[in-house]
Amino acid sequence: MNRVVITGLGALTPIGNSVKTFWENALEGKSGANSITKFNASEFRTTFACELKGFDPNAYLDRNEIKRSDPFTQYALYTASEALADSGLELDKLSPFDAGVIWGTGQGGMQTFEDEVKGYVQNEMKPRFSPFFVPRLIANMASGMISMKFGLMGINYTTVSACATGNSAIMDAFNYIRLNKAKVIVTGGSEAPITEASLGGFSSMKSMSTRNYSPQEASRPFDVNRDGFVMGEGAGALVLEEYEHARKRGARIYAEVVGAAMTADAYHMTATHPEGIGAAKAMELALAEARISPEEVDYLNAHATSTQVGDLSEIKAITSIFGKTPEKLKISATKSMTGHLLGAAGAIEAILCVKAIQNNKVPPTINMESMDPAIPDTLPIVTQSAIDHPIDIALSNTFGFGGHNAIVVFRKV
């Protein structure tokens, strides 16, 4: 089978509107959380989130693209543009049918849905819907509009597996290139969930932090005083490419994708399996496919959303694979800084894994002041400050509502 490498990256996150700023702020341990500005959230149980800062789609997209797209698609177009520019690909020299898009989103056009339904009610239930309502709403439109913008005529579709979506998309792109069904695939995920309905829905489940008095300290994976996740928004894009194709054109190669796996908990609609059985099996299968032993893994980017049950079940899965005292492994949780980008989380965390490999640095897990006593204190969780650490192998964990587990393994080339 073909080897698959990463040759381009693009990021739009609550702690940076480019890969460069995202990476630098992650190393500095910056939090993206603050009071919500998109709407009046004062009556909600949670009044804060990790919003994008200073992102104006008018500066990057043309008027028609904005008119026809929900924010989640705008975020996708922005990061795909950065990733393709970063890759150095000359698309006019590539058959358009050799290049495709496999994108992910958990919710799709939630803002579009809310706006149109509100308008319907305010118009006394008269059917005055925009002709762009459905195209802006549907989840596959991000992948469709990326393909239209760049003339990518190969494989094109969208994955949806809740918070495992980003890794699911990367895994699919990896497999299509391995099977010689494409030379290049733009993959990743985007999410624009900071809306009244989305915030209200997650709040009613009591899965979100209510630390309204201290938003920047609210996302605290593995901390004994964690009380739920913090919602985030944004996107991450990766250009995956067949190795020989990348080598022949002299591309800069960030890392290689060497393994990926998915399993299902088959346990609960929203809760992870308390023993982490499905998550552990997914890690085991991904490492086996990569022909890598647990002892060889240098860095693990944990899903770690800052929920009571979720963090502990992931720790059980990790220790079942790596033991309680791994020699080389370092662990950190990106969501402590960015919040939880839902369907885009796996994409930006994959980018962080790739940058960690490139720079031999592990970003910190911020806000972990007192580790949950149920977590072995021998586990090498990097806290408060970034560290230098030789990284050849990195593993990214993602888990989603519905019991979806998706793991991707990256290796230095």
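Conventions and cut-offs
In this numbering scheme, every chain counts its residues from 1 along its sequence in written order. Where totals are concerned, whole chains, interfaces and linings use all residues; where local detail is concerned, this predicted model gives features only for residues with pLDDT of at least 70, and gives and counts side-chain atom pairs only at 80 or more. Side-chain calculation: all heavy atoms of the structure are included, whereas hydrogens and water are not. The helix and strand labels rest on DSSP assignments: H or I over at least four residues marks a helix, E over at least two residues marks a strand, and numbering proceeds from the N terminus. Values of the radius of gyration come from C-alpha atoms, whereas the globule rule sets the reference at 2.2 Å times the count of residues to the power 0.38. Burial classes follow relative accessibility: with a 1.4 Å probe on protein chains only, a residue under 20% of its type's maximum area counts as buried, one over 50% as exposed, and anything between as partly exposed. Contact criterion: two residues are considered in contact whenever any of their non-hydrogen atoms come within 4.5 Å of each other. Any Lys or Arg side-chain nitrogen found within 4 Å of a carboxyl oxygen on Asp or Glu counts as a salt bridge. Pairs of strands are assigned from DSSP output, requiring at least two bridges between the strands. Note on definitions: angles span 0 to 180 degrees between N-to-C directions of axes, and those axes are lines fitted to C-alpha atoms, for helices only across the stretch in contact. Each angle receives one of four descriptions, namely roughly parallel if under 35 degrees, roughly antiparallel if over 145, roughly perpendicular if within 65 to 115, and oblique otherwise. Only Asp, Glu, Lys and Arg are considered charged in this grouping, and only Ala, Val, Leu, Ile, Met, Phe, Trp, Tyr, Cys and Pro are considered nonpolar; every other residue, Gly among them, is considered polar.

## Re the overall build of the protein
Scanning the protein from terminus to terminus reveals 13 helices and 14 strands. A compact globule built from 413 residues should have a C-alpha radius of gyration of about 22 Å, and the protein, at 20 Å, falls within 12% of that. Across its three principal axes, the protein shows a C-alpha extent of roughly 65 × 55 × 40 Å. Looking at the protein as a whole, 60% of its 413 residues qualify as buried. For the protein, the proportion of contacts with a sequence separation of at least 24, taken over those separated by at least 6, is 80%.

## Things to note about the pattern of salt bridges
Counted by the stated rule, this structure contains 22 salt bridges. Glu256 serves as the salt-bridge partner of Arg411, at 3.4 Å between the closest nitrogen and oxygen. Taken as a pair, Arg411 in strand 14 (residues 404-411) and Glu256 in strand 8 (residues 255-264) lie far apart in primary sequence, 155 residues in all. On the accessibility criterion, Arg411 (29% relative accessible area) is partly exposed. Linked through salt bridges whose partners overlap, the residues forming this network are Arg3, Glu256 and Arg411.

## Side note on the pairing of strand 13 (residues 393-400)
Extensive coverage of strand 13 is indicated by the burial of eight of its eight residues. Summarising the sheet, strand 9 (residues 299-301) and strand 13 pair through three bridges and their orientation is parallel. Paired with Asn301 across the bridge in strand 13 is Ser396. Where strand 13 and strand 14 come together, eight bridges link them in antiparallel fashion. Of the residues in strand 14, the one forming a bridge with Phe399 is Asn405. Where strand 13 hands over to strand 14, the hairpin turn is made up of three residues, of which Gly402 adopts a positive phi near 95°.

## As for the sheet that holds strand 8
Across a sheet, paired strands are connected by hydrogen bonds in the backbone, their directions being either parallel or antiparallel. Taken in spatial order, the ten strands line up as 5-4-6-7-1-8-14-13-9-10 in an open sheet, and their pairing is mixed. The open sheet has two edge strands with one neighbour each: strand 5 (156-159) and strand 10 (330-332). With strand direction ignored, the average angle separating the axes of adjacent strands in the sheet is 25°. When strand 4 (residues 99-104) meets strand 5, the two strands line up parallel, connected through four bridges. Residue pairing across strands places Ile102 opposite Tyr157, the latter belonging to strand 5.

## Observations regarding the packing of helix 1 (residues 19-28) against helix 13 (residues 345-359)
For the pair helix 1 and helix 13, interaxial distance at closest approach is 11 Å and the crossing angle is 75°. With respect to helix 13, the element helix 1 is oriented roughly perpendicular. For the pair helix 1 and helix 13, contact is made by Val19, Phe22, Trp23 and Ala26 and by Ile348, Ile351, Leu352, Lys355, Ala356 and Asn359, respectively. Across the contact of helix 1 with helix 13, the residue classes tally to eight nonpolar, one polar and one charged.

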